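Listed below, chain by chain, are the residues.
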Amino acid sequence: MSPEVLSTPVVDTAKAPDRSQTRARAARKRKIVVTAARVLLLVAVLGLWEMLSRAEVIDPFNFSMPSKIWDQVYTWVAHGTAIGSLGEQIWYTLYEALLGWVLGVIAGVVFGIVLGRITFLADVLGPYIKVLNSIPRIVLAPIFVIWFGLGPASKVASAVVLVFFPVFFNAFQGAREVDRNLVANARILGAGNRRVTLQVVVPSATSWIFTSLHVSFGFALIGAIVGEYIGATKGVGLLIAQSQGTFNTAGVYAAMVILAVVALAAEGLLTFAERRIFRWKPAGSDS
C-alpha cells in the first residue's frame, strides 16, 4: 500500500495579478479620460459660442463672445481697471469673502455643536432659527450697506449670514449623529461634558462640517459680490456693476470668469486640506 502524499498547492505570486496596482492604473486611466472629456466639453462650448456670435446667430452685443471676454481680462491684467489694478480688486473681494467665511464658519460650528448637545436650547431657539433661515438672505445686503456703509463691513456681514446656516445645520446634525456608544464609553472613563464635546462630539462631526465648507465658501463669495454690486468703493462686484452700467457684456463675463477661477482655487485648497485631515478614509469614499 503506497503512502498517501499530502501536498500543499503552491500559488505563483509572480503570475498572480496585483489587484492594487490594477486598480491604481484603472483609476489613473479614468482620471485622464475624465479630464480630457472636461477639456473637450469646455472647448466645444466656447468654440460654438464664438462661432454663433461671429455669425450673429446670437446677438454679440448681448451675449458677447469668448475672444472679447479674453481681451477684457487681458486689458484688466495688463492695464488695470478704472478703479485700480485687477489684483487689488480681487484681493479686496477675497478679503471680504474670507473674513465673512471664517466668522460664519466659527459661528455656525459653535452654535451647531452647542444646540446639538443641549436639547433644551435647541427646542427654544429652533423655531427662530427656522424663521431666520426662511428669509432670503440676499435681501439683507442693502440693509447691511445702510447699517455699515460702503466699506468692507457690510460685505462681510452679507457673507456671514450666507455662510452661517449651511455650516450650522451640518454641525448640528453631526453633533446629533455621534455614536452614543462612544459618548457612553467616554463617560464611563470619567469624561465630563466639556471633554465629551471636545474629544468625541467635535471629531465625530468634523466630516459633516467639512461637507458644508465646500458649499459655504461659494456663498461667502456671493455675499461679498452682491454687497459690492449694491454699493462699494472697490472690488470685483463693483467691476460687474460698472460693466453693466456701460453695457460692457464682455466685462461682466470677464468678472465672472475671474470669480470662477478664485472659487475653483479655494475648492482645491479645501479638498487638499480635507484629504490631509481624513487620510484614514478609504480612497473610494472620496467624491
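Residues numbered from 1 in each chain as written. Predicted model: local features only at pLDDT ≥ 70, side-chain atom pairs only at ≥ 80, totals over all residues. Heavy atoms only, no water.

Q: What should I look at first to understand the overall build of the protein in this one?
A: Scanning the protein for helices and strands turns up 11 helices and 0 strands. Listing the helices and strands of the protein from first to last along the sequence gives α-α-α-α-α-α-α-α-α-α-α. Here the protein holds 287 residues, and 34% of them are scored as buried. A separation threshold of at least 6 residues defines the contact pool for the protein, and within that pool the share at least 24 residues apart is 73%. When the accessible surface of the protein is summed, it comes to about 18,200 Å², and 68% of that surface belongs to carbon and sulfur atoms. (Helix = DSSP H or I, 4+ residues; strand = E, 2+ residues; numbered from the N terminus. Buried < 20%, exposed > 50% of the residue type's maximum accessible area, 1.4 Å probe, protein only. Contact = heavy atoms within 4.5 Å. Areas by Shrake-Rupley, 256 points an atom, 1.4 Å probe, with all protein chains shown as cover.)

Q: Just checking my understanding: could you explain helix α5 (residues 119-134) for this structure?
A: An α-helical turn contains 3.6 residues, so a residue and the one three or four places further along point in the same direction. For α5, which comprises 16 residues, the first-to-last C-alpha distance of 22 Å matches the rise-based estimate of 22 Å (1.5 Å per residue) to within 8%. Maximal helix bending in α5 amounts to about 45 degrees, located at Leu125; proline Pro127 follows within four positions. Buried within α5 we find Ala122, Gly126 and Ile129. Considering only its buried residues, α5 is in contact with α4 (86-117) and α7 (152-176). (Expected span 1.5 Å × (residues − 1). Bend = angle between axes of the 7 residues up to and from the residue.)

Q: Looking at this model, I keep getting lost on the nonpolar core. Mind explaining?
A: General note: in soluble globular proteins, nonpolar side chains tend to be found buried as a group. Ranked by size, the top nonpolar core spans 34 residues in total, and within it Trp76, Trp101, Val105 and Leu213 carry the most contacts. Of all the elements in the fold, those that place two or more residues in this core are α3 (66-79), α4, α7, α9 (193-230), α10 (236-245) and α11 (249-277). Ranked by the residues each element gives to this core, the list is headed by α9, at 9 residues. (Core = buried A, V, L, I, M, F, W, Y, C linked by side-chain atoms within 4.5 Å.)

Q: What exactly am I supposed to notice about the side chain of Gln72 here?
A: Structurally, Gln72 is set in helix α3. On the accessibility criterion, Gln72 (15% relative accessible area) is buried. Non-local contacts of Gln72, meaning those with residues more than four positions away in its chain, are made with Asn248, Ala250, Gly251 and Ala254.

Q: Please explain the environment of Gly116 as it appears in this structure.
A: Inspection of the secondary structure assignment puts Gly116 in helix α4. For Gly116, a relative accessible area of 8% gives the class buried. Along the sequence, Gly116 and Val178 sit 62 residues apart, while their C-alpha atoms lie 9.9 Å from each other. Not counting the four nearest positions on each side in its chain, Gly116 is found in contact with Phe172, Ala175 and Arg176.

Q: Could you clarify how one ought to interpret a nonpolar patch on the surface in this entry?
A: A surface patch of nonpolar side chains, amounting to about 900 Å² of accessible area, comprises Val102, Ile106, Val110, Phe111, Val114, Ile118, Phe120, Val124, Leu125 and Tyr128. Elements supplying a minimum of two residues to the nonpolar patch: α4 and α5. For the nonpolar patch, the element with the most residues is α4, which contributes 5 residues. Following the sequence through the fold, Val110 ends up in helix α4. (Patch = residues over 30% accessible without salt bridge, like charges linked within 9 Å, V, L, I, M, F, W, Y side chains within 5 Å. Salt bridge = Lys/Arg side-chain N within 4 Å of Asp/Glu carboxyl O.)

Q: In this structure, what is going on with the packing of aromatic side chains? I would like to understand it.
A: Taken as a whole and assessed by the stated rule, the structure comprises 12 aromatic pairs. Taking the centre distance of 6.2 Å and the plane angle of 90 degrees together, the rings of Trp147 and Phe148 count as edge-to-face. Put simply, the rings of Phe111, Phe164, Phe165, Phe168, Phe169 and Phe172 pair up and form one aromatic cluster. (Phe/Tyr/Trp six-rings, centres within 6.5 Å; stacked < 30°, edge-to-face > 60°.)

Q: Any chance you could explain unusual backbone geometry here in plain terms?
A: With a phi angle near 55 degrees, Ser64 is a residue other than glycine that sits in the positive phi range. Relative to the assigned elements, Ser64 resides in the loop between α2 (60-63) and α3. Classification of Ser64 by relative accessible area gives buried; the value is 2%. Look at Phe247: it is not a glycine, yet its phi comes out positive at around 55 degrees. The topology assignment puts Phe247 in the loop between α10 and α11. Judged by its relative accessible area of 62%, Phe247 falls in the exposed class.

Q: Looking at this structure, I do not really get the pattern of salt bridges. What am I missing?
A: Close approach of charged atoms lets side chains of opposite charge pair. Considering all chains together, one arrives at 2 salt bridges under this definition. We note a salt bridge from Arg54 to Glu50, for which the minimum N-O separation is 2.7 Å. Of this pair, Arg54 and Glu50 both sit in helix α1 (residues 19-54), separated by 4 residues, roughly a single helical turn. Here Arg54 falls in the exposed class, since its relative accessible area comes to 56%. Glu88 is the partner of Lys234 in a salt bridge, and the nearest nitrogen-oxygen pair spans 2.7 Å. Of this pair, Lys234 sits in the loop between α9 and α10 while Glu88 sits in helix α4; the two residues are 146 residues apart in sequence, bridging distant segments of the chain. The class of Lys234 is partly exposed, set by a relative accessible area of 23%.

Bear in mind that shape data such as this cannot, by itself, settle questions of function.
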